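Summary of the model geometry
Residue-level listing of the chains:
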Amino acid sequence: MGHDQGTYRHWETKQESDGILWLSLNRAEKNTNTLSRDVLDELARLLDDMPRQHPAGLVICSGKPNGFIAGADVAEFSAIVDFSEAMRLVERVHGIFNHLERLPFPTVSLIHGFCLGGGLELALACRFRIAVDAPGTRLGFPEVKLGIHPGFGGTVRLISLISPLTALDLMLSGRSINARQALKIGLVDYAVPERQLIRAALAAIMQNPARRKGRFLRSLSRMRFIRFLLAGHMRRTIAKRAAKKYYPAPYALMDLWERFGGNPSVMYREESRSVANLVTGATAQNLVRIFLLQERMKALGQNGDFSPRFVHVIGGGTMGGDIAAWCALQGLRVTIQDIEHQRLAVAVKRASSLFRKELKDPRLVKDVLDRFVPDLRGDGITRADIVIEAIFEDATAKRKLYQHIEPRMRKEALLATNTSSIPLEELADSLRNPERFVGLHFFNPVAKMQLVEVVRGKSVDAERLNCAMRFVTAIGHLPLPVTSSPGFLINRILMPYLLEAATMEQEGIPAADIDRAAVEFGMPMGPILLADSVGLDICLSVARILAGHFKTEVPKRLESLVAMGSLGKKSGRGFYAYGKGKPVSSGKKTGSYTIGDLADRLIMRLLNEAVGCRREGIVADGDLLDAGAVFGIGFAPFRGGPIHYIRTEGVEVLHARLETLEQRYGSRFAADPGWRELPAQKANQGFARMQE
Ligand code: NAI
């Protein structure tokens, strides 16, 4: 080797006797490869040095077992809030990747595990891409999920490599694909088993086969008029999923392609400008904030060495059945117990349809079903690492059950309850070992709702709480530690918002208007439809519990609907009537309100409750509260969470709005004392780093 290897911290280089140079990225002090400035600087130096080594070819691979490169270093990039700095950085990366692309010898990237975003853009600058044909291989451009689009030349290279429509679809959806799918669309040149990887790399370099020729659609899309037509169609599809004012990235990508797709060199320049613009904007900064908070929650589940393998679930109803099925799908062995045989049969049926939907391959489905064992007698209790109780919401029944099962449990095993409202202290007082008792509050549907509130009662041991959080991450969910206070965090902040919606409906405002107000604010679904989907009986019971502790009135309308048996979607009628599972909107606008007025009433109640939860310390800080609100109730992610939203809008401004609402609608809008504790200065619009 011609140079001192010690000067590179992240890249390992090796030149074999055949003249081929191997560059392996093994980012120092990290488990995952990402493209930080350091990593890119070193790559630039390596490329500058390369001519001296006269290599016969170059292979770029990863030294990490978990994958190739996961993308740009998100924390580093989002810290840039200045357009010209972003522009300089992106253009520098363009320079490095152009250099790589123009090397006068064959270049290959060897891909295993994930190859995402900036990592895939680097691979695209190589002449050949070879991916390991294994389930863990994932290629994709997840940038839109962070409010940007590819910015390291990826938009140009992808569109000229594969069908432009497939390319745009990959970048607009943010989805990732496996090695075979990547081969099929021409994103990689070979998909081979791991053992043939090196041989395939050598063959590509030695034979250096010609690149694929342009296809018909690719040449057609060089015509501006064709791009204009296609872009118009695609914009209409995007508009159904994301509003331009809140999610500008997909629209920016369409503009980029439509205007400059016929001229690669101009498109490179415009890509930089577009992405620098997006990355410094509020949406990207807030989405990155949420991404980093998600990483923070995952990290909470990394302490200690508890590695659960065997779960016993008691109660095979809606929640127990789904929790058990999810755990089995994630690789754990599961026994599920119920007093009714029939309930277990239903749980097995629901579980198999989840397995079929997720896994497709009948052999894999059978493997998971083998791990999912109905257990009427509760034999699993003696073997389980964790026992999760999900029987109906009745403190006496739960306590009685614990007395029966606790003596049979292993000493080290955790005991968890899925209660949604009973304070843990009330359940723990008859336990022999209350220090191992935690709440694991899952949300319905378990397979979709990633968040799990990990409830800390007074008696639990800190180490056991860590075990509970490790369990949550082990099954691919996100742990949010909360105190054992009525409604914990999520139901507590959700309920005033739902009840305000019910009150408005009671006043004669059409449900569809109320829902539209929330959706226009950025919620994934309106509160009336949400209440109907959760079930009005469940909403009412949570509302009553909260009303017993806090200043909350339960609207008569909710009580009367439940009394009439109109329980929402499941009974075919709730606030809405349902035809073929879809809400039929009824009612005409009465009174003089704007959609904005409705949104104000809904959101201000949620924000006020969030401020109260922060003051009471239900979660450790406002950042975790924001994370909970986004992952637990879908609070508009591009706004960065309720507390962050208050700080960007201005504490004073929103506090004044609350006072106006209180004068108009009464004391349920009285400001929580916690508003006084919020820092008065405005947060930087979209400041991505953590604030508390
Ligand atoms: P469910 O009524 O659908 O299921 C309860 C099941 O427990 C029934 O199958 C019943 O036969 C069984 N069961 C009752 N006593 C038992 C015993 N001693 N031993 C074994 N099995 C017994 O109830 P669901 O909705 O699944 O709720 C369960 C728990 O989860 C409750 O504590 C509830 O508050 C909580 N929860 C419910 C949510 C929901 O959306 N339904 C959301 C989050 C938590």
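Residues numbered from 1 in each chain as written. Predicted model: local features only at pLDDT ≥ 70, side-chain atom pairs only at ≥ 80, totals over all residues. Heavy atoms only, no water.

Re the site of the ligand
The local shell around the ligand holds 22 residues, among which Met319, Asp338, Glu393, Lys398 and Ser420 are the closest. At a separation of 2.6 Å, an oxygen atom of the ligand approaches a polar side-chain atom of Asp338. Protein coverage of the free-state accessible area of the ligand, which is 830 Å², stands at 84%. Residue composition of the shell around the ligand, by class: 9 nonpolar, 9 polar and 4 charged. (Near = heavy atom within 4 Å. Polar contact = N/O pair within 3.5 Å; in protein donor to acceptor, adjacent residues only side chain to side chain. Areas by Shrake-Rupley, 256 points an atom, 1.4 Å probe, with all protein chains shown as cover. Nonpolar A, V, L, I, M, F, W, Y, C, P; charged D, E, K, R; others polar.)

Examining the packing of helix H26 (residues 622–633) against helix H27 (residues 642–649)
Packed helix pairs are characterised by how far apart their axes lie and by the angle those axes make with each other. Contact geometry of H26 with H27 gives a least axis separation of 7 Å together with a crossing angle of 115 degrees. The angle between H26 and H27 places the two elements in the roughly perpendicular class. Of H27, the residues touching H26 (which contributes Gly622, Leu625, Asp626 and Ala629) are Pro642, Ile643 and His644. In terms of residue class, the contact of H26 with H27 is built from 4 nonpolar, 2 polar and 1 charged. (Axes fitted to C-alpha atoms, helices over the stretch in contact; angles between N-to-C directions. Helix = DSSP H or I, 4+ residues; strand = E, 2+ residues; numbered from the N terminus. Parallel < 35°, antiparallel > 145°, perpendicular 65-115°, else oblique. Contact = heavy atoms within 4.5 Å.)

As for the sheet that holds strand S5 (residues 107–111)
Taken in spatial order, the 6 strands line up as S1-S2-S3-S5-S7-S10 in an open sheet, and their pairing is mixed. Every interior strand has two partners, whereas the edge strands, strand S1 (11–15) and strand S10 (190–192), have only one. Sheet twist, expressed as the mean angle between neighbouring strand axes with direction ignored, is 20 degrees. Sheet topology places S1 next to strand S2 (residues 20–25); 5 bridges connect them, and they run antiparallel. Bridging across to S2, Trp11 finds its partner in Leu25. (Pairing = 2+ DSSP bridges.)

With respect to the packing of aromatic side chains
This structure, assessed with the given rule, holds 11 aromatic pairs. Centroid distance Phe355 to Phe372: 6.1 Å. Interplanar angle 80 degrees. Geometry classified as edge-to-face. Of this pair, Phe355 sits in helix H15 (residues 341–359) while Phe372 sits in strand S13 (residues 372–374), placing them 17 residues apart in sequence. Taken as a pair, Phe355 and Phe372 share a single burial class, namely buried. Note on Phe521 and Phe635: the rings are 5.7 Å apart at their centroids and 70 degrees apart in plane angle, and the pair reads as edge-to-face. Here the residue Phe521 occupies a position in helix H21 (residues 511–521), and Phe635 occupies one in the loop between H26 and H27, the gap between them amounting to 114 residues. Grouping residues by exposure puts Phe521 and Phe635 together as buried. (Phe/Tyr/Trp six-rings, centres within 6.5 Å; stacked < 30°, edge-to-face > 60°. Buried < 20%, exposed > 50% of the residue type's maximum accessible area, 1.4 Å probe, protein only.)

Section: the pairing of strand S17 (residues 451–456)
Within S17, 5 of the 6 residues are buried, which leaves it mostly tucked inside the rest of the structure. Two strands pair when backbone bridges link them, and strand S16 (residues 437–441) and S17 are joined in this way by 3 bridges, in the antiparallel orientation. Each residue of the ladder has a partner; that of Leu440, found in S17, is Val454. The pairing of S17 with strand S18 (residues 478–483) spans 6 bridges and is classified as parallel. Across the sheet, the residue bridging to Val455 is Val482, located in S18. In this view, the connection linking S17 to its parallel neighbour S18 by way of helix H19 (residues 462–474) has right-handed handedness. (Right-handed = clockwise from strand over helix to strand, strands pointing away.)

Quick notes on the domain arrangement of the protein chain
Assigned domains of the protein chain: these are domain 1 (5–280), domain 2 (300–483) and domain 3 (491–617 + 650–688). Distance between the C-alpha centres of domain 1 and domain 2: 41 Å. (Domains from an automatic or database assignment.)

Quick look at the nonpolar core
Counting residues in hydrophobic clusters, the biggest one holds 98 residues, and the most contacted among them are Leu489, Tyr497, Phe635 and Trp675. The element best represented in this core is helix H25 (residues 595–616), accounting for 11 residues. Of the residues that make up this core, three or more belong to each of domain 2 (300–483) and domain 3 (491–617 + 650–688). Not counting residues up to four positions away in its chain, the partners in contact with Trp675 are Met604, Leu607, Asn608, Val611, Ile646, Val651, Leu654, His655 and Leu658. (Core = buried A, V, L, I, M, F, W, Y, C linked by side-chain atoms within 4.5 Å.)

Here's the deal with the packing of H27 against helix H28 (residues 651–665)
Between H27 and H28, the least distance of the axes is 5 Å, while the angle of their chain directions is 100 degrees. On the basis of their axis angle, the class for H27 and H28 is roughly perpendicular. When H27 is examined against H28, the residues Tyr645, Ile646 and Glu649 are found in contact with a partner set consisting of Val651, Val653 and Leu654. Taken together, the residues of the contact of H27 with H28 sort by class into 5 nonpolar, no polar and 1 charged.

Details of unusual backbone geometry
With an omega of -5 degrees, the peptide bond between Asn444 and Pro445 qualifies as cis. Its place among the elements puts Pro445 in the loop between S16 and S17. One non-glycine residue, Asn208, lies in positive phi territory at about 40 degrees. Mapping Asn208 onto the fold places it in the loop between helix H8 (197–207) and helix H9 (216–220). Here the phi dihedral of Phe488 falls at roughly 45 degrees; this positive angle occurs in a residue that is not glycine. Relative to the helices and strands, Phe488 resides in the loop between S18 and helix H20 (490–506). Phe488 sits in the buried class, given a relative accessible area of 1%.

Quick notes on the sheet that holds S16
Read across the sheet, 8 strands follow the order S13-S12-S11-S14-S15-S16-S17-S18 without closing on themselves; strand pairing throughout is mixed. Looking along the sheet, the strands with just one partner apiece sit at the ends: S13 and S18. Averaged over all pairs of adjacent strands, the angle between their axes in this sheet comes to 25 degrees, without regard to strand direction. In the packing of helix H14 (residues 318–329) onto the sheet, the strands contacted are strand S11 (310–314), strand S12 (333–337), S13 and strand S14 (386–389), and the crossing angle to S12 comes to about 165 degrees. H19 contacts S11, S14, strand S15 (414–417), S16, S17 and S18 of the sheet and is inclined by roughly 170 degrees relative to S17.

Digging into the pattern of salt bridges
Here the structure, examined in full by the defined rule, presents 40 salt bridges. The closest approach of N and O atoms between Asp322 and Arg350, which form a salt bridge, is 2.9 Å. A residue pair is termed long-range when its members are at least 10 positions apart, and Asp322 in helix H14 and Arg350 in helix H15 qualify at 28 residues. We classify Arg350 as partly exposed; its relative accessible area is 32%. For the salt bridge of Arg668 with Glu500, the shortest nitrogen-to-oxygen distance reads 2.6 Å. Here the residue Arg668 occupies a position in the segment after H28, and Glu500 occupies one in helix H20, the gap between them amounting to 168 residues. It is possible to trace a salt-bridge network through shared partners that takes in Arg492, Glu609, Arg615, Glu616 and Asp672. (Salt bridge = Lys/Arg side-chain N within 4 Å of Asp/Glu carboxyl O.)

As for H20
Relative to the 24 Å expected for 17 residues at 1.5 Å per residue, H20 spans 24 Å between its end C-alpha atoms, a close match to the ideal helical length. The buried fraction of H20 amounts to 16 of the 17 residues, a majority that puts the element mostly inside the structure. (Expected span 1.5 Å × (residues − 1).)

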